[in-house]
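Here is how the chains run, residue by residue.
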Amino acid sequence: MTANAQPIEAILVDVDGTLIDSYRLYIESYRRALEPYLGYSLEAHEVVSRTPSSERQFIVDWIGERDAAACHEAMKQHYSELHQALAEGMYEGVREMLAGLRSAAIPLGVVTGKGRGAWEVTLQHFDLGSFASVVTDDDVDHPKPHPGGLLHAAAEMKVAPESVVYLGDSVGDMEAGRAAGMKVAAALWPKTEPGEPESFREAIAPFAPDWVFERPADVVRTLAAWC
């Protein structure tokens, strides 16, 4: 893995699958919201197979534009009601990672496929701290891997895209970061199923990530020295 020697002026992070484990929560929220429109209950693998990265777009892809807004409202309600039971929490080491980056005076921002409502629910339950910029699915015209959200965050933080690192856990995150002209870092710690780390490395190889981090602590140890 390589990275050029330009100093890092800011780090943007994905949320779901990078900072927090919301896997079961999102699957069940989507299943319950979509059932009245589809006429049947989705299996978990049907949700996962479409690799949802944007709340709105995921719903539109299933039922079209006409009922998408109402379905999205229902999904947000389920997300809030089910959070206590199904959200798995912050990944081990993430709290310390965020604290370490802030101690190193690295400005942090969020670019997420979560809608603003789900983001606010997340903040009610998890102490992620404050961010210099938060760009949600509701703030962009095109979801990731379109780079618009990342570029919006960089502009809001008054930093050049080439001096920013985007940290995420998906192929779409790597694609979005590269399209924005940013450095990209892959979070390997959520990949815990047999063979998953290897298949993920293979999938993101075309985007030549600057770093692949196995643990949140590695992020601080490596990136703090680049600032």
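Scroll up a little and you will see the structure.
Since the structure is predicted, the reported quantities are computational estimates derived from the model, not experimental observations.

### Description of helix H8 (residues 171-179)
At step 1: Buried within H8 we find Asp173, Met174, Ala176 and Gly177. Angular distribution of buried residues about the axis of H8 spans 165 degrees; they occupy a single face of the element.
At step 2: Buried-residue contacts for H8 involve helix H7 (148-156), strand E6 (164-168), strand E7 (183-187) and helix H9 (196-204).

### Let's talk about the nonpolar core
At step 1: With 52 residues, the main nonpolar core has Ile11, Leu34, Met97, Leu128, Phe131, Leu167 and Trp189 as its most contacted residues.
At step 2: Among all residues touching Leu167, those that are not within four sequence positions of it are Leu12, Val13, Asp14, Thr18, Met97, Ala185, Ala186, Ala187, Trp189, Phe213 and Val219.
At step 3: Met157, Val159, Ala176 and Met182 belong to the second largest nonpolar core, which has 15 residues in total.

### Overview of the packing of helix H1 (residues 23-38) against helix H4 (residues 68-86)
At step 1: Contact geometry of H1 with H4 gives a least axis separation of 8 Å together with a crossing angle of 140 degrees. For the crossing formed where H1 meets H4, the hand is right-handed. Of the residues in H4, those in contact with Arg24, Leu25, Tyr26, Glu28, Ser29, Tyr30, Arg32, Ala33, Leu34 and Tyr37 of H1 are Ala70, Cys71, Ala74, Met75, His78, Tyr79, Leu82, His83, Ala85 and Leu86.
At step 2: For the contact of H1 with H4, the residue count by class is 14 nonpolar, 3 polar and 3 charged.

### So, the environment of Ala155
At step 1: Assignment of secondary structure puts Ala155 in helix H7.
At step 2: For Ala155, a relative accessible area of 55% corresponds to the exposed category.
At step 3: For Ala155 and Pro194, which are 39 residues apart along the polypeptide, the C-alpha to C-alpha distance reads 40 Å.

### Quick word on the pairing of strand E4 (residues 108-111)
If a strand is regular, its side chains alternate between the two faces of the sheet.
At step 1: Where burial is concerned, the two faces of E4 agree: the one with Leu108 and Val110 and the one with Gly109 and Val111 are both buried.
At step 2: Judged from the 3 bridges that link them, strand E1 (residues 10-13) and E4 form a sheet pairing that is parallel. Bridging across to E4, Leu12 finds its partner in Gly109.
At step 3: Summarising the sheet, E4 and strand E5 (residues 133-135) pair through 3 bridges and their orientation is parallel. Each bridged residue has a counterpart across the sheet, and for Val110 the counterpart in E5 is Val134.
At step 4: Running through helix H6 (residues 116-125), the crossover from E4 to the neighbouring parallel element E5 is right-handed.

### A few points about the environment of Phe200
At step 1: Within the fold, Phe200 resides in helix H9.
At step 2: On the basis of relative accessible area, Phe200 is assigned to the buried category, the value being 7%.
At step 3: As for Phe200 and Asp14, which are separated by 186 residues in sequence, their C-alpha atoms are 16 Å apart.
At step 4: Leave out the neighbours within four places in its chain, and Phe200 touches Asp169, Ser170, Val171, Ala186, Ala187, Leu188 and Lys191.

### Brief notes about the packing of aromatic side chains
At step 1: Under the criterion given, the structure shown has 6 aromatic pairs.
At step 2: Pairing Tyr26 with Tyr30 gives two aromatic rings, centres 5.5 Å apart and planes at 25 degrees, and the pair type is stacked. Taken together, the positions of Tyr26 and Tyr30, both in helix H1 and 4 residues apart, correspond to about one turn of that helix. Just as Tyr26 is buried, Tyr30 falls in that class too.
At step 3: Relative to Phe213, the ring of Trp211 has its centre 6.3 Å away and its plane inclined at 10 degrees; by these criteria the two rings are stacked.
At step 4: Residue class for Trp211 comes out buried when judged on its relative accessible area of 9%.
At step 5: Joined through ring pairs, the aromatic side chains of Tyr26, Tyr30, Phe58, Trp62 and Tyr79 make up one cluster.
At step 6: Here Arg50 stacks its cationic end above the ring of Trp62, 3.5 Å away from the centre of that ring.
At step 7: Arg102 extends its terminal NZ or CZ atom over the ring of Phe131, reaching a point 4.8 Å from the ring centre.

### Brief notes about the pairing of E7
At step 1: Burial runs high along E7: 5 of the 5 residues are buried.
At step 2: Because side chains alternate across E7, one face comprises the buried residues Lys183, Ala185 and Ala187, and the other comprises Val184 and Ala186, equally buried.
At step 3: As paired strands, E6 and E7 are joined by 4 bridges and run parallel to one another. The partner of Leu167 across the bridge, within E7, is Ala185.
At step 4: Viewed along the sheet, the connection from E6 through H8 into E7 turns out right-handed.

Definitions and limits used
- Residues numbered from 1 in each chain as written.
- Predicted model: local features only at pLDDT ≥ 70, side-chain atom pairs only at ≥ 80, totals over all residues.
- Heavy atoms only, no water.
- Buried < 20%, exposed > 50% of the residue type's maximum accessible area, 1.4 Å probe, protein only.
- Helix = DSSP H or I, 4+ residues; strand = E, 2+ residues; numbered from the N terminus.
- Arc of directions from axis to C-beta.
- Contact = heavy atoms within 4.5 Å.
- Core = buried A, V, L, I, M, F, W, Y, C linked by side-chain atoms within 4.5 Å.
- Axes fitted to C-alpha atoms, helices over the stretch in contact; angles between N-to-C directions.
- Left-handed = near helix turned anticlockwise from the far one by under 90°.
- Nonpolar A, V, L, I, M, F, W, Y, C, P; charged D, E, K, R; others polar.
- Pairing = 2+ DSSP bridges.
- Right-handed = clockwise from strand over helix to strand, strands pointing away.
- Phe/Tyr/Trp six-rings, centres within 6.5 Å; stacked < 30°, edge-to-face > 60°.
- Lys NZ or Arg CZ within 6 Å of the ring centre and 35° of its normal.

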